[in-house]
Amino acid sequence: MSTISVEVNGERHTAEVEDRTLLVHFLRDHLRLTGTHIGCDTSQCGACVVHLNGKAVKSCTMFAVQADGDSILTIEGLSRDGKLHPVQAAFQEHHGLQCGFCTPGMIMTAVDLLARHAQPDEALIRRELEGNFCRCTGYLNIIKAIQAASRAV
Amino acid sequence: MYPASFRYLRPATLGEAGQLFNSASDARYVAGGQSLIPAMKQRLASPSELIDISRIPALSFIRRDGDLLAIGAGTRHADVAASAEVEGAIPALATLAGLIGDPAVRHRGTLGGSIANNDPAADYPAAVLALDAVVTTNRRNIPADLFFTGMFETALEPGEIVTQVAFRLPRRAAYMKFPNPASRYAMPGVFVAEHAHGIRVAVTGAASCVYRASELESALAERLMPETLDTVTVAAEEFTSDLFASAEYRAHLVKVMAQRAVTSMLSSRHG
Amino acid sequence: MTLLGRPIKRKEDFALLTGRGRFTDDVPVAAGTLSAHVIRSPHAHGLIRKVDKSRALAVPGVHCVIDGADVRRISDPFLLAVKEPVTQWALASDRVRYFGEPVAVVLASDRYRAEDAAALVDIEYEPLPAVIDPLQALDANAPRLHDGLSGNEIGPRNFVYGDPGRAFAQAGMIVKLTTSYPRNSFTPLECFVVTAEYRPGDGSYDVLSNFQGPFSAHPVMARSLRIPGNKLRLRTPADSGGSFGIKLSVFPYIVLMALASRIAGKPVKWVEDRLEHLTAASSGPNRITIAEAAVNRDGRVLALRLEQIEDYGAYLRAPMPGPLYRMHGASTGAYDIPNLAITNRIVLTNKAPAALIRGFGGPQLYLALERLMQRIAEELHLDPLDVIRRNLIPPKAFPYRAAAGALYDSGDYRRAVDVAIADGRLDELQQRRDAARAAGRRYGIGYAAVVEPGMSNMGYLSTLLTPAARERAGPKNGAVSMATVNVDPLGAVSVTADVPVQGQGHETAISQVVAEQLGLNPDDISVHLEIDTAKDQWSIASGNYSCRFTPGAAVAVHLAARRVRDKLARIAAKQLNVLADDIEFADGEVRSRSNPDNALSFGRAAGTAHWSPGMLPDGMDAGLRETAVWNPPELEPPDDSDRINTSLTYGFIFDMCGVEIDPVIGAVHVDRYYSMHDAGKLLNPMLAEGQIRGAFAQGLAAALYEEFIYDQNGIFQSANFADYLVPTACEIPPMTTMHMETPSPFTPLGAKGLAEGNCMSVPACIANAIADALGSEDIRLPATPPRILESISRNPPGKEPG
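These notes cover the structure that comes with them. Here the structure is a predicted model, which means the values were calculated and not measured.

**Overview of the overall build of chain C**
And step 1. When helices and strands are counted, chain C shows 21 helices and 28 strands.
And step 2. For 802 residues, the compact-globule estimate of 2.2 N^0.38 gives 28 Å, and the C-alpha radius of gyration of chain C, at 27 Å, lies within 12% of that figure.
And step 3. Overall, chain C is about 85 × 75 × 55 Å in size when its C-alpha atoms are taken along their principal axes.
And step 4. Counting across all 802 residues of chain C, residues that qualify as buried make up 66%.
And step 5. By sequence separation, contacts in chain C at least 24 residues apart represent 80% of the contacts at least 6 residues apart.
And step 6. For chain C, the exposed surface amounts to about 26100 Å²; the carbon and sulfur share of it is 49%.
And step 7. On chain C, the mean spot of the 81 positive side-chain charges and the mean spot of the 92 negative ones are 3 Å from each other.

Below, the structure is given as structure tokens:
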């Protein structure tokens, strides 16, 4: 067991965790932040993407203890004061989600990509989404939403 | 998909890391963990101690030193891909780093972790070999040609930690990869580099371990054109056959990727 | 103002976008709930010699370990749709028949500990020879899976419609083709989740699971648990992470976890991981089809003969063999072919049991049928588009009774094709092909014309019985949909319907349907699609499958809303002193149409039924809650000649595409893809478009990437997403959709199912384009680069492409 101190969505949490606890389980089971999902267990699908110190990472491929001292942003921390983040709003506007299971990881990936590329073209967006599966939408509306958000951000 | 128990240790220095390793029973080092952690979740790896060396500051740097580009073993793929220093010195290396995994994986995965793991289809080993790099550890320097010894095997001894890789700047170079559509692993990838002392061609994702393709090197040494390789036979005997490609198809792709790499290299701005 | 047909934004989105979804794994569980881990067979076939739990039980935190013998003591095998000795319990007890078959369950305080202990359960197997290839399984000497069966085949069943024998004897030409549709799945991103609690007081089970229906599986589960249905309270969650047919197949695990809870005496939760899901959840069945057409010299098809050999894996779980019969009445597709012969053969192999996945039965049928149409054109040196057009059902023929019994409700297939190819689209495709070929590149054009069924007739599966056996069993038919509209004392409207959530946006569409009737805003309507079998309306047909939403559940919602409207009209008429016929619903008011100032607010009118029953018209019940049941009469049982109207609505799709092949690497590049849809009236074009694009991506995945692969010993090779190739945004090409609307006369909304069609059309269309590009007859899906190169080496560039 280790004691870790992590800032999640601006709030400091100190917790006792088994060393083998995956970050995604810490978020979901210990902090009850269930917006971050598990879709593949082997780091392909991206449903578990959160931001670690401002960068998108797969929280199923990291132990919670490794994040000790770090700052984490999850989907729950993205919208402020009940108002959707521009990427979230664009996903709704362009019907970029159906079942919504990939959506938190997809949005966290999109926010990260827009932080690195202010005006991505379609080809770049497609490339940047190579680690995120969506089985419902066929991706087109997701790409449209990210493009629209890049103009709004 | 839940890992077995282990004890997590986070040393502050290389020295401390080595000591922890020596006093542990069955330790593994972890840096980015992008290969090790999935393996642990499937219980294909179950170390008793996990020594996290990702926070050791001395391992993270990118430094141009004459005709060498030294990159700290803890440097993340994303940082290599985005580095102006790397782009200026060896653009093919920046390209390669940007092709590993996906953006989230590149934010975690490290150079040292990749080459120490030596997955038969990993990208970095091809660059290390083709760029005639020297791998520095906490104990010694190891030339690239002696570093990769087999499938998931390297010259590293128990407890040894890669600290940096010094890549030799080529006149020009290119990396071409045929990625597996889902995992993005190379199947195969070919790194071609033209150095003052000759051509080096390294192939990953084809056999059980990255290797230098001597038949391609000698042909290209004669005449550095993609067409030169038309008549070269890439032998498939040692190649992997799996769900996605037979050994013969891999052999075919090695040649095609080598040709495309040469084409790209000849048209590059360093040409 | 009409709300139907408008692209209303989704009610579902806010929660899903902000991480506030309520998926099954997100729901808090009761204190003391145990985590389950399933131990699975490492052999494709073998005898279980011994299960030793002792070492595992010694692990701290482990509560108990359950094996097949424990399960057999307190449960019965699953009921089958066929009366054959294929028995399966929730756990294998004496014999395993596929790699990944559940053999034991470890229950522990958490999943990490359960997996620690799993490695310490000692199970001894005696491996048996396995049979993986369906054709080999048909061999008399093949290893046999089930001792009670005489071989590995169930059936076969022969069907004859019209006089195919004569047509084949007299035909100018016979064109024959064999296709092999691969085994694949559409892998929802959320895996199976089950929470089960046994309640010893009344011997009942309370279960929460992301089950999708059909709820015909509920009696199957209850029977296995040896309880009446009212003691299996099955709930489905508010959100579900996709399904695509797969989440029917969680039902054996519902039984397993229910039994585990009973044995453990505590609630149990199981979350399937991705390896388990790919290995053992479910897949579509692989099918070999031998298709033959008797044709005239002008390409007119006089008769069709299909031999379909479908591989269901190790067990035939109810409602299998659904995919083999779901399309049955529509086996002639979009074509007017009067004579038809079908032989259906079910084969069992040592693979995981196959079941429903999106489009079930359609992709397999259309790969054969549409490839055959192209082959006919090639054999006769005709343009494939001419052959398609010559055989399409003419517009005047609707409603059209197909040879095997499907009653196609409406359509104008010729016009749909004309619209699709118009405005230079076909010209451009042909120019691109000509230019590519002139430059020595390999480019091909493919077409697919597909009839898309919506809402299955629950009687379709009984077609697999002979008429005499059906007579004995009693006729089965229909497709019941149920919905309830409730209005509270202040006029707030809430709706439930028998269609569990899978992500298609049904809450939004339902709110449109109800708001349309009641003159309200869709935002005013609350829709709750969690199902609780103890409290909600449901039937065996309930569920989210076979595109039953628009032709079924949405209609029930519409009818329930109309009843509320009719009742409110009578209430308001009395208070406004007008006739009920003069009442209209608009702008949140119930008012006189002839004098709109004479009005009540909607809430006031509704409140009367709650607060003031004395003011209601004579004989009217108090309260405002209406349940409607919709069961369209067109869904009759199979007749004595085995004709069956397999579905209620039949939409039409015409796809065309251009692909270019990289002859060096073997990669297929989809250059252009067009998909023309006629799904009757669209309730919400934005949602419709979303369904079409999703199905396109899955159809493309089946055509080029996804396949479940077993080695010759039956060891599964595609068990994670590095080995099972799910396309990403990098792989899915752009696609252009087009729509026309010929409303269905058989449903009050005129809307047809539309979400499965591209899963059916795309593999066939891409295969045809590849065949055209390579000049090759034999196209194997998924068309991976090595397979393309193989095909090229059989058909070197010298040969003129077809």
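Text resumes after the structure shown.
**Topic: the interface of chain C and chain B**
And step 1. The interface of chain C with chain B comprises 25 residues on the first partner and 21 residues on the second.
And step 2. Both faces combined, the contact of chain C with chain B buries some 1900 Å², and carbon together with sulfur accounts for 65% of it.
And step 3. Of all residues in chain C, Tyr112, Ile665 and Leu725 of chain C bury the most surface against chain B, accounting for 26% of the area lost on that side.
And step 4. In this structure, the connection of chain C to chain B is made through two salt bridges.
And step 5. Across the pair Arg43 of chain B and Asp116 of chain C runs a salt bridge, and its minimum N-O distance is 2.7 Å.
And step 6. For the interface between chain C and chain B, the tally reads eight residue pairs in polar contact (both at pLDDT 80 or more).
And step 7. If you list the elements that add at least two residues to the side of chain C that touches chain B, you get α4 (111-118) and α21 (785-794) of chain C.
And step 8. Here the side of chain C that touches chain B takes four residues from α4 of chain C, the largest share from any one element.
And step 9. For the side of chain C that touches chain B, the per-class residue count stands at 15 nonpolar, three polar and seven charged.

**Quick look at empty space enclosed by the protein**
All names here are of chain C.
And step 1. Counted under the stated rule, the structure contains 13 cavities of 30 Å³ or more.
And step 2. If you add up the space inside the largest cavity, you get close to 540 Å³.
And step 3. If you trace the largest cavity, you find 38 residues lining it, with Gln504, His506, Cys547, Gln691 and Ala755 closest to the centre.
And step 4. Put simply, the parts of the chain that give the lining of the largest cavity at least two residues each are α16 (506-518), α17 (549-576) and α19 (685-704).

**Quick word on the interface of chain C and chain A**
And step 1. Between chain C and chain A, the residue contacts involve 50 residues of the former and 48 residues of the latter.
And step 2. With a shortest N-O distance of 2.4 Å, Arg135 of chain A and Glu706 of chain C are connected by a salt bridge.
And step 3. Examining the composition of the side of chain C that touches chain A, we find that nine residues originate from one element, α19 of chain C, more than from any other.
And step 4. Tallied by class, the residues present in the side of chain C that touches chain A amount to 23 nonpolar, 15 polar and 12 charged.

**With respect to the pattern of salt bridges**
And step 1. With the rule as written, the count across this model stands at 80 salt bridges over all chains.
And step 2. The salt bridge partner of Asp70 of chain A is Arg55 of chain B, with a shortest N-O separation of 2.7 Å. Of the two residues, Asp70 of chain A is situated in the loop between β4 (55-58) and β5 (71-73) and Arg55 of chain B in the loop between β3 (49-52) and β4 (62-65); the pairing between them involves two chains.
And step 3. Asp70 of chain A gets classed as buried once you look at its relative accessible area, which sits at 7%.
And step 4. Of the charged contacts, one joins Arg111 of chain C and Glu115 of chain C as a salt bridge, the two residues approaching to 3.3 Å between their closest N and O atoms.

**Re the environment of Lys41 of chain B**
And step 1. One can find Lys41 of chain B in helix α2 (residues 36-41).
And step 2. For the pair formed by Lys41 of chain B and Gly112 of chain B, sequence separation is 71 residues and the distance between their alpha carbons is 21 Å.
And step 3. Ignoring sequence-local partners within four residues, the contact set of Lys41 of chain B consists of Leu22, Asp41 and Cys60 of chain A together with Met1, Tyr2 and Pro3 of chain B.

**A short note on the nonpolar core**
All names here are of chain C.
And step 1. In this structure, Tyr408, Phe654 and Ile770 are the most contacted members of the largest nonpolar core, which totals 270 residues.
And step 2. Per element, the largest residue contribution to this core is 12 residues, and it comes from helix α20 (residues 757-774).
And step 3. Once residues within four sequence positions are removed from consideration, Phe654 is found in contact with Leu385, Ile388, Val417, Ala420, Ile421, Tyr447, Ala448, Ala449, Tyr674, Ser675 and Met676.

**Notes on the packing of aromatic side chains**
And step 1. Counted under the stated rule, the structure contains 26 aromatic pairs over all chains.
And step 2. Note on Phe133 of chain A and Phe721 of chain C: the rings are 5.1 Å apart at their centroids and 70° apart in plane angle, and the pair reads as edge-to-face. Of this pair, Phe133 of chain A sits in the loop between α4 (122-128) and α5 (140-152) while Phe721 of chain C sits in the loop between α19 and β28 (736-740), which puts the two residues in different chains. In this structure, Phe133 of chain A and Phe721 of chain C share a single accessibility class: buried.
And step 3. An angle of 10° between the planes, with centres 4.2 Å apart, marks the rings of Tyr413 of chain C and Phe652 of chain C as stacked. One end of the pair, Tyr413 of chain C, is in helix α13 (residues 413-421); the other, Phe652 of chain C, is in strand β26 (residues 647-661), with 239 residues separating them in the sequence.
And step 4. For Tyr413 of chain C, a relative accessible area of 1% gives the class buried.

Criteria and thresholds
- Residues numbered from 1 in each chain as written.
- Chains lettered and ligands numbered in written order.
- Predicted model: local features only at pLDDT ≥ 70, side-chain atom pairs only at ≥ 80, totals over all residues.
- Heavy atoms only, no water.
- Helix = DSSP H or I, 4+ residues; strand = E, 2+ residues; numbered from the N terminus.
- Rg over C-alpha atoms; globule rule 2.2 N^0.38 Å.
- Buried < 20%, exposed > 50% of the residue type's maximum accessible area, 1.4 Å probe, protein only.
- Contact = heavy atoms within 4.5 Å.
- Areas by Shrake-Rupley, 256 points an atom, 1.4 Å probe, with all protein chains shown as cover.
- Lys, Arg positive; Asp, Glu negative; His and termini not counted.
- Charge placed at Lys NZ, Arg CZ, Asp CG, Glu CD.
- Buried area = accessible area lost by both parts, 1.4 Å probe.
- Salt bridge = Lys/Arg side-chain N within 4 Å of Asp/Glu carboxyl O.
- Polar contact = N/O pair within 3.5 Å; in protein donor to acceptor, adjacent residues only side chain to side chain.
- Nonpolar A, V, L, I, M, F, W, Y, C, P; charged D, E, K, R; others polar.
- 1 Å grid on protein atoms, 1.4 Å probe; cavity = no way out; pocket = protein on both sides within 12 Å on 5 of 7 lines; lining within 4 Å.
- Points joined across faces, edges and corners; volume = space filled by probe spheres on them.
- Core = buried A, V, L, I, M, F, W, Y, C linked by side-chain atoms within 4.5 Å.
- Phe/Tyr/Trp six-rings, centres within 6.5 Å; stacked < 30°, edge-to-face > 60°.

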